[in-house]
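# Remarks on the overall topology
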Amino acid sequence: MSIDPFRPARHSGSKPIHNLDARLKFIIALGFILTTSLAPQGAWAVYILLFSLAFSIALLSDVGIRHIYARAALALPFILAAFPLLFTVTGVPIFSFSIGSLSLTASWQGLERFISISFKSWISVQIAVLLATTTRLPDLLFAMRNLAIPQLIVAIIGLMWRYIFLMVEEANRLLRARLSRSGVTTQNSKKYGGSLTWRAKVAGNMAGNLLIRSLERSDRVYSAMLARGYDGEIRRFKNPPLTLQDWLILIGSIAVLVILLTLGLLLNS
Amino acid sequence: MIVDEAVLFENLNFSYPDGHIALRNVNLRIRDGEKVALVGPNGAGKSTLLLHFNGILMGDGRMRIYGNDLKNGNLRKIRSLVGLVFQNPDDQLFSPTVFEDVAFGPIYQGLSEDEVKKQVEQALESVHMKDYAQRVSYHLSIGEKKRISIATVLSMNPKILVLDEPSAGLDPRSRRSLIHLLSELPQTLIAATHDLALVRELLPRTIIMNGGKIIADGRTSDLLQNTTLLLENGLEPL
């Protein structure tokens, strides 16, 4: 998904992953993420198999490996959050050091858990990015509703998506206005740009301004939606029933995921 | 370069990243002090062309503002020469108070506190809004916001004023007072507008655009009499 209004999401007519039914993709992606999260700690063989699977789908999707992996960096916050595990899990110590009165000891068990969590988050994010890149959001929302995800959650995701564009537009207008007035005087000796604190203050004011304007604009958009009968439900033509091929893909994918998960559990025991 | 040349665009072409061609082979020369109207239907390319005057957009072709080639190294200088006033004053005003908004340009230029205050005072005075300095921009009427928007660029002492739809959304009295205000300003003036009555009153030269091209460029009094030309280009004869 892209938030540049001029560069819509990369959709194409004849790509196999793009053309799969959104319901299928949603279930398989969710199953994949669930399997990855449930795979036991330190089941490296399974992680590598899951990664190869994600990588193969990325290749098959024809979206561009670089595009997928640049966005997979979204996993970074999860990895950072897992970092303290290195020191909090007790086990065979690797090294220890102290900061003031605080003494920290890293353990092999902690390291294993940290690497496992990092790897698992990274693979899960790759699949989420793939799902988002190869499926149009309206299709995805509709698929979620079809799969009985509560209306409120689907509406929140849908509105968030709608309003991101409004915010981007508002932000672009503000930035353009600021840029237009960022000139240097013809008396060239002056140092231009203003002080750092002044610029920070202007940026802060702009952020506040953006928030107010986006809120007001979203109110207007919401009123317009209400005026046209919006009640939180997405109404579209019914999705056609899944074909035999769809069912085969779905059952095959879930079988592969179950096998991988079982393999992980067996390896670990 | 002609001595009094303010703007030169030669063979200017521009397309948006989605492939939409917005400007096709635009050739334009404006002299210092000229007052020019840019008219045409929605989507004619007027606003896109306006954004080229200070390099917010940069298409292919030769572009020169007061002898400065429009290129990356020159943009800051050009932006202090060209005051661009956006159609929606809410886009123009991003600071909490009128004073801070009008002071943005001069502070950015690195002027001293006294100079900034002086510039702001002069700018507000020329739009007859001197008493509004400490008001919150957000709570003004559209007519007032429009004047403050003009002050935000006047405070930078620009040589060219570029206005996008200056009279849009104004009530008759605010519109009248804006016309009066614009007629007092000495700068080179370029205004994109649908308000042909304003054009007739204020801007002696008119450029008609349609489909990204300049269709006609001449004296306002002549062009506004050419009913066929106006109708062909989505304009309503007066």
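Rules and cut-offs
- Residues numbered from 1 in each chain as written.
- Chains lettered and ligands numbered in written order.
- Predicted model: local features only at pLDDT ≥ 70, side-chain atom pairs only at ≥ 80, totals over all residues.
- Heavy atoms only, no water.
- Helix = DSSP H or I, 4+ residues; strand = E, 2+ residues; numbered from the N terminus.
- Buried < 20%, exposed > 50% of the residue type's maximum accessible area, 1.4 Å probe, protein only.
- Contact = heavy atoms within 4.5 Å.
- Areas by Shrake-Rupley, 256 points an atom, 1.4 Å probe, with all protein chains shown as cover.
- Core = buried A, V, L, I, M, F, W, Y, C linked by side-chain atoms within 4.5 Å.
- Axes fitted to C-alpha atoms, helices over the stretch in contact; angles between N-to-C directions.
- Parallel < 35°, antiparallel > 145°, perpendicular 65-115°, else oblique.
- Nonpolar A, V, L, I, M, F, W, Y, C, P; charged D, E, K, R; others polar.
- Polar contact = N/O pair within 3.5 Å; in protein donor to acceptor, adjacent residues only side chain to side chain.
- pLDDT = per-residue confidence, 0-100.
- Pairing = 2+ DSSP bridges.
- Salt bridge = Lys/Arg side-chain N within 4 Å of Asp/Glu carboxyl O.
- Expected span 1.5 Å × (residues − 1).
- Buried area = accessible area lost by both parts, 1.4 Å probe.
- Phe/Tyr/Trp six-rings, centres within 6.5 Å; stacked < 30°, edge-to-face > 60°.
- Lys NZ or Arg CZ within 6 Å of the ring centre and 35° of its normal.

## Observations concerning the overall build of chain B
When you go through chain B residue by residue, the secondary structure sums to 10 helices and 10 strands. Counting only residues that meet the buried cut, chain B has 57% of its 238 residues in that class. Restricting the contact set of chain B to residue pairs at least 6 apart, pairs at least 24 apart contribute 64%. As presented, chain B carries roughly 10000 Å² of accessible surface, and 47% of it is formed by carbon and sulfur atoms.

## Description of the nonpolar core
Ranked by internal contacts, the top residues of the largest apolar core, which has 45 residues, are B:Val7, B:Phe9, B:Leu49, B:Phe53, B:Ile65, B:Ile160 and B:Ile190. Formed by 44 residues, the second largest nonpolar core is a distinct cluster that contains B:Leu140, B:Val153, B:Leu182 and B:Leu224.

## Some details on the packing of helix H3 (residues 44-61) of chain A against helix H11 (residues 244-268) of chain A
Residues and elements named next belong to chain A. In contact at an axis separation of 9 Å, H3 and H11 are set at 160 degrees when each is read in the N-to-C sense. Taken together, the axes of H3 and H11 lie roughly antiparallel to each other. Contacts from Ala 45, Val 46, Leu 49, Leu 50 and Leu 53 in H3 reach Val 256, Leu 260, Leu 263, Gly 264 and Leu 267 in H11. Considered class by class, the residues forming the contact of H3 with H11 number 9 nonpolar, 1 polar and no charged.

## Observations concerning the side chain of B:Glu5
All names here are of chain B. By the secondary structure assignment, Glu 5 is in strand E1 (residues 5-15). Of the polar contacts made by the side chain of Glu 5, one reaches the side chain of Arg 29; its length is 3.5 Å. Only 2.9 Å separates the side chain of Glu 5 from the side chain of Arg 64, close enough to count as a polar contact. When neighbours within four sequence positions are excluded, Glu 5 is seen to be in contact with Arg 29, Ile 30, Arg 31, Asp 32, Arg 64 and Tyr 66.

## With respect to the confidence of the model for chain A
This prediction gives chain A a mean pLDDT of 84; 91% of its residues lie at or above 70. In this model residues 5-12 of chain A is a low-confidence stretch, pLDDT under 50, and it forms 19 contacts with partners more than four residues away in sequence or in other chains.

## So, the side chain of A:Arg181
Considering the arrangement of structural elements, one finds A:Arg181 in the loop between helix H9 (151-180) and helix H10 (196-227). Polar contacts involving the side chain of A:Arg181 include one to the main-chain carbonyl oxygen of B:Asp101, which spans 2.8 Å. With residues up to four places along the chain from it excluded, the contact list for A:Arg181 reads B:Gln92, B:Phe94, B:Asp101, B:Phe104, B:Gly105, B:Tyr108, B:Thr152, B:Val153 and B:Met156.

## Some words on the pairing of strand E8 (residues 188-192) of chain B
Residue and element names in this part refer to chain B. Within E8, 5 of the 5 residues are buried, which leaves it mostly tucked inside the rest of the structure. The two faces of E8 match: Thr 188, Ile 190 and Ala 192 on one face and Leu 189 and Ala 191 on the other face are all buried. In this sheet, E8 lies alongside strand E3 (residues 35-39) in parallel orientation, the contact comprising 4 bridges. Paired with Val 36 across the strands is Ile 190, a residue of E8. In terms of strand pairing, strand E7 (residues 160-164) meets E8 through 5 bridges, oriented parallel.

## As for the pattern of salt bridges
Residues and elements named next belong to chain B. For the structure on display, the rule yields 19 salt bridges over all chains. Glu 10 serves as the salt-bridge partner of Arg 62, at 3.4 Å between the closest nitrogen and oxygen. One end of the pair, Arg 62, is in strand E4 (residues 60-65); the other, Glu 10, is in strand E1, and 52 residues separate them in sequence. On the accessibility criterion, Arg 62 (38% relative accessible area) is partly exposed. A residue is classified by how much of its surface remains accessible, and Glu 10, at 28% relative accessible area, is partly exposed.

## Regarding unusual backbone geometry
At A:Ala148, a residue that is not glycine, the phi angle is positive and equals roughly 65 degrees. Summarising the element assignment, A:Ala148 is placed in the loop between helix H8 (137-146) and H9. Its identity is not glycine, yet B:Asn157 carries a phi of approximately 50 degrees, on the positive side. Locating B:Asn157 in the fold gives a position in the loop between helix H6 (142-154) and E7.

## A closer look at H6(B)
Residues and elements named next belong to chain B. The first and last C-alpha atoms of H6 sit 18 Å apart over 13 residues, in line with the 18 Å expected at 1.5 Å per residue. Within H6, 12 of the 13 residues are buried, which leaves it mostly tucked inside the rest of the structure. Among all positions of H6, only Gly 143, Glu 144, Lys 145, Lys 146, Arg 147, Ile 148, Ser 149, Ile 150, Ala 151, Thr 152, Val 153 and Leu 154 are buried. At its buried positions, H6 is contacted by strand E6 (82-85), helix H3 (89-92), helix H4 (98-108), helix H5 (113-126), E7 and helix H7 (172-184).

## Regarding the interface of chain B and chain A
Often, the extent of an interface is quoted as the loss of accessible area on bringing the components together. Taken together, the contact pairs 36 residues of chain B with 30 residues of chain A. For the pair chain B and chain A, the summed buried area comes to about 3100 Å², and 60% of that belongs to carbon and sulfur atoms. One can count 4 salt bridges joining chain B with chain A. A salt bridge links B:Asp91 to A:Arg173; its shortest N-O distance comes to 3.2 Å. The tally of links between chain B and chain A comes to 12 residue pairs in polar contact (both at pLDDT 80 or more). When contributions to the side of chain B that touches chain A are tallied by element, the ones reaching two or more residues are helix H2 (75-81), E6, H3, H4 and H6 of chain B.

## Let's talk about the packing of aromatic side chains
Within the structure shown, the criterion is met by 18 aromatic pairs over all chains. Where B:Phe104 meets B:Tyr108, the ring centres are 6.1 Å apart and the plane angle is 25 degrees; that geometry is what we call stacked. Separated by 4 residues within a single helix, B:Phe104 and B:Tyr108 lie in helix H4, roughly one turn from each other. Across the pair, B:Tyr108 and B:Phe104 agree in class, each one buried. Ring-pair connections join several aromatic residues into one group, and the members of that group are A:Trp44, A:Tyr47, A:Phe51, A:Phe55, A:Tyr69, A:Phe119 and A:Trp122. Here the guanidinium or amino end of B:Lys159 rests over the ring plane of B:Tyr66, the centre of that ring lying 4.5 Å away.

## A short note on the sheet that holds E1(B)
Residue and element names in this part refer to chain B. Pairing in this open sheet of 4 strands is antiparallel, and the strands run E2-E1-E4-E5 from one edge to the other. Edge positions in the sheet fall to strand E2 (21-31) and strand E5 (68-69), since each of these pairs with one other strand and no more. By the bridge criterion, 5 bridges tie E1 to E4 in an arrangement that is antiparallel. Bridge pairing links Val 7 to Ile 65 in E4.

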